[in-house]
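Tertiary structure, described
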Amino acid sequence: MTFTLLARDRAAGLLGAVTASRSLAVGNAVLAIDPTVGVVASQAWTNRALRGSMLDALAAGESPDAVVGRVAEWDDAPEFRQTAALDLTGRTGAWVGDLTSPWTGQRHGADYVTVGNLLTGPEVLDAIADSFERSAPEPGSPEHEQTTAIAVFARRLLVALHAGQSAGGDARGRQSAAIIVATRQERRIHPPELAIDLRVDDHTHPVDELDRLLELRIQDLHEALISSSSVDAEPEGSRRGERSTQA
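Cut-offs and rules
- As a convention, each chain's residues are numbered from 1 in the sequence order in which they are written.
- Local features in a predicted model are, by the rule used here, given only for residues with pLDDT of at least 70; side-chain atom pairs are given and counted only at 80 or more, and totals for whole chains, interfaces and linings are based on all residues.
- Values reported for side chains reflect all heavy atoms of the structure, with hydrogen atoms and water molecules removed beforehand.
- Two strands make a pair as long as DSSP finds a minimum of two bridges between them.
- Each helix is a run of H or I in the DSSP string that is no shorter than four residues. Each strand is a run of E no shorter than two, and both are numbered from the N terminus.
- Fitted lines through C-alpha atoms serve as axes, helices being fitted only where they are in contact, and the angles separating the N-to-C directions of these axes extend from 0 to 180 degrees.
- Cavities and pockets are defined on a 1 Å grid built over the protein atoms alone: a cavity is a set of grid points where a 1.4 Å probe fits but cannot escape, while a pocket is an open set with protein on both sides within 12 Å along at least five of seven lines, and lining residues are those with an atom within 4 Å of any such point.
- Grid points are joined across faces, edges and corners, and a volume is the space filled by probe spheres set on the points.
- Residues are grouped as follows: Ala, Val, Leu, Ile, Met, Phe, Trp, Tyr, Cys and Pro are nonpolar; Asp, Glu, Lys and Arg are charged; every other residue, Gly included, is polar.
- We define the nonpolar core as a collection of buried residues of types Ala, Val, Leu, Ile, Met, Phe, Trp, Tyr and Cys that are connected through side-chain atoms lying within 4.5 Å of one another.
- To sort residues, take the accessible area from a 1.4 Å probe on protein chains only and compare it with the maximum for the residue type: under 20% means buried, over 50% means exposed, and anything in between is partly exposed.
- The contact rule is simple, with two residues in contact once any of their heavy atoms fall within 4.5 Å.

A sheet is described by the order of its strands in space; here 4 strands give the open sequence β3-β4-β5-β6, paired in antiparallel fashion. In the strand order of this sheet, the two ends are held by β3 (31–34) and β6 (92–96), each with one partner. Across this sheet, the average inter-strand angle for adjacent strands is 10°, counted without regard to direction. Of the pairings in the sheet, the one linking strand β5 (residues 81–87) to β6 comprises 5 bridges and is antiparallel in character.

Following this line, the structure appears as structure tokens:
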């Protein structure tokens, strides 16, 4: 039904997630991120409200493992749910109900957790995890510009999603996909400020289409950085004059 990866880039201070499914508009239902506490997923027979409950519990100081374990407390039909959570420190948690559709499972690693249900088999999550682990940047990699770090991390997430799709993905086929990425923040606001928030709601090749949209968004981020740098480089008198003219 759905396969999902939650992850962080500890060096760049980034959180992110990707998901794909044979369901319509998976990005509207499964993922949620709060850059002050972590990122979560609620899937299978999805209860969207669980996402807010999990983020609130993380904000209250609970561990991801404890948070996903509270599904039975928050939900009248927990046996149909699958949830996952990752916090700012890289701790993870995952939980799955007894009546979710097989194959269902999870895999945890350093700074990530991947979960799925109604998949072709465990090879889907193995492919996602292996891809994400292999693409880890070398210690001390020169990703000084935050925009560059965002692009590298987002592409890394999407490559892992491609790996899961290529390994079989959703046993029913493919329809939608989504990606979100945020920079760690100190102040909790709603809606959160996201660097990347893209969805493909209905497409014959949703992960490929998400690739195309991601490159457009990365181009926007680079152009915004160049524009900002150009303004910063202008003489102060010139900037004062420009502001006066625009006012």
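On we go.
This part covers the layout of surface pockets. Here the idea is plain: a probe the size of a water molecule rolls over the atoms and shows the empty space left. Of the volumes computed, that of the largest pocket is approximately 490 Å³. Looking at the largest pocket, it is lined by 20 residues, and the ones nearest its centre are L31, A32, I33, H190 and P192. Counting only elements with at least two residues in the lining of the largest pocket, the list comes to α1 (26–29), β3, α2 (49–59), β9 (176–183) and β10 (196–200). Its residues placed into classes, the lining of the largest pocket shows 10 nonpolar, 4 polar and 6 charged.

Here the focus is the nonpolar core. Core analysis: the largest hydrophobic core is formed by 36 residues, its most contacted members being L5, L157, L161, I179 and I196. Counting residues per element, this core draws most heavily on helix α6 (residues 146–166), which supplies 9 residues. When near neighbours in sequence (up to four residues on either side) are disregarded, L161 contacts F3, V18, T19, A20, A177, V207 and L210.

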